[in-house]
Amino acid sequence: MDTTVAEIIRAQLDSLTKSERKIAKLLLEDYPVSGLAGIPSIAEAAGVSAPTIVRFVAKLGFKNIAEMRERLQDEISTRLASPLERIGPADSHAPITLLGSSEAELLDAVTRSFVSVNPNELEQFIRLLCDLDREIIPIGGRISHVLAQHLSWSLQVLRPHVRVARPSVGERINLLLDVDDHSVVVAFDYRRYQPDTIRFVEVAKAEGATVLLVTDPYLSPAAKNADVVLTSAIGSSGVFDALTPSFALIEALLTLVAKRLGGPATDRLVKYEKLTAKILEDDQRVIGSYRGQG
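Every chain begins its residue count from 1, and numbering advances along the sequence as written. It should be noted that, the model being predicted, local features are given only for residues of pLDDT at least 70 and side-chain atom pairs only at 80 or more, the latter also being counted only at that level, while totals for whole chains, interfaces and linings use all residues. Excluded from the side-chain calculation are hydrogens and water; included are all heavy atoms of the structure.

A. Looking closely at the overall build of the protein. Every helix listed is a DSSP run of H or I at least four residues long, and every strand listed is a run of E at least two residues long, numbered separately from the N terminus. When you go through the protein residue by residue, the secondary structure sums to 13 helices and four strands. Here's how the labels work: a residue is buried when its accessible area is under 20% of the maximum for its type, exposed when over 50%, partly exposed in between, all with a 1.4 Å probe on protein chains only. Counting across all 294 residues of the protein, residues that qualify as buried make up 41%. Restricting the contact set of the protein to residue pairs at least 6 apart, pairs at least 24 apart contribute 70%. Here the accessible surface of atoms and residues is derived via Shrake-Rupley with a 1.4 Å probe, and residues count as covered only by protein chains that are part of the display. Put simply, the protein shows about 15800 Å² of open surface, and 57% of that area lies on carbon and sulfur atoms. The contact definition used throughout considers only heavy atoms, calling two residues in contact when any of these lie within 4.5 Å.

Structural data, given as structure tokens:
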């Protein structure tokens, strides 16, 4: 997969001038649509001069804004690609070597995902997950809910005040009743983006929540309301987008959270083990009583 314009911009955020940061903010907030406008429109919206736009585009490595717009148009087509378009012709004798090819692709995707992480955004992400005064609310879409659930289950063992936003509309509305400026929403949203996830983020943000977004390199529209954005690669030669890089990213985040929390996480794990042993002991006692009746 070619590097997206968003990835190029995000990789250079720390080296941009104040005026260039205004352009970057504008382009990333309504990505990729805002980048399809002409130089005068972008300059006016960002509050900078036209020559600044020209220099910014050149800094990204494009010959001119037309070349950047062409890349963005290609990205829009890729964002909307469905599994049906990627399935290819049937092959009942597909070689077993495809397994090795898939392995290489997934490993490369994981590596690219880790390399693309901005250290400053990672620090903010971890700091907020470790703030015990805040409630953490992971949320995902129809498929990416498994990522939100995995993060939720693991965080609950390390810290209190973690509630996953389940797919039910009613449950999500009930959850929003308690969202305020002490809430941290961790949203997972990937291409062919989920409108209800995007809307939840928008409403939660309006209620004062801080939003952490994990998305693909093409950027979910939820990025417009996100305070911190981490991206993970999803491309593969398979029918479906790969979630493996996102799972790997979550595992790395959890390791950092556990180390950063230190004592409180350790104390909670000790309690967790004691409770687990007690529950399993009670289960074994119940099973033994049934066997005795038999």
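And the narrative resumes.
B. Structural context of the nonpolar core. Grouping buried Ala, Val, Leu, Ile, Met, Phe, Trp, Tyr and Cys residues that are joined through side-chain atoms within 4.5 Å yields what is termed a nonpolar core. Judged by nonpolar contacts, the single largest core of 45 residues is most densely connected at Ile-9, Ile-23, Ile-53, Phe-56, Met-68, Val-185 and Phe-200. Membership of the second largest hydrophobic core comes to 31 residues, among which are Cys-130, Leu-243, Leu-249 and Leu-254.

C. Representation of the environment of Ala-43. Within the secondary structure, Ala-43 is located in helix H3 (residues 39–46). We classify Ala-43 as buried; its relative accessible area is 6%. As for Ala-43 and Val-54, which are separated by eleven residues in sequence, their C-alpha atoms are 9.7 Å apart. Sequence-distant contacts of Ala-43, defined by excluding residues within four places in its chain, comprise Val-48, Ser-49, Ala-50 and Ile-53.

D. Focus on the pattern of salt bridges. Salt bridges, as used here, are contacts in which a Lys or Arg side-chain nitrogen is within 4 Å of a carboxyl oxygen on Asp or Glu. As enumerated under the stated definition, the model contains twelve salt bridges in all. Among the salt bridges present, the one from Lys-59 reaches Glu-20, with a minimum N-O distance of 2.9 Å. On the criterion of sequence distance, the pair formed by Lys-59 in helix H4 (residues 50–59) and Glu-20 in helix H2 (residues 18–29) is long-range, its members being 39 residues apart. In this structure Lys-59 comes out as partly exposed when scored by relative accessible area, which is 32%. Two residues, Glu-123 and Arg-260, come together in a salt bridge whose shortest N-O distance is 3.1 Å. Of the two residues, Glu-123 sits in helix H8 (residues 119–129) while Arg-260 sits in helix H12 (residues 244–261), which places them 137 residues apart along the sequence. Assessed through its relative accessible area of 37%, Glu-123 is described here as partly exposed.

E. Region of the structure containing the sheet that holds strand S2 (residues 183–189). DSSP calls a pair of strands paired once it identifies at least 2 bridges connecting them. Here we have four strands laid out as an open sheet, ordered S1-S2-S3-S4, and parallel in their pairing. Looking at the sheet topology across the chains shown, the edges are occupied by strand S1 (135–139) and strand S4 (228–231). If you compare each strand with its neighbour and ignore which way they point, the axes differ by 15° on average. Relative to strand S3 (residues 210–215), S2 is paired through six bridges, and the arrangement is parallel. Across the sheet, Val-184 pairs through a bridge with Thr-210, a residue of S3. Convention adopted: a line fitted to C-alpha atoms gives each axis, helices being fitted over their contacting stretch, and angles between N-to-C directions are expressed from 0 to 180 degrees.

F. Inspection of the environment of Glu-7 at higher detail. Within the secondary structure layout, Glu-7 lies in helix H1 (residues 5–11). The class for Glu-7 is buried, based on a relative accessible area of 18%. Residues Glu-7 and Thr-231, spaced 224 residues apart in sequence, show a C-alpha to C-alpha distance of 8.5 Å.

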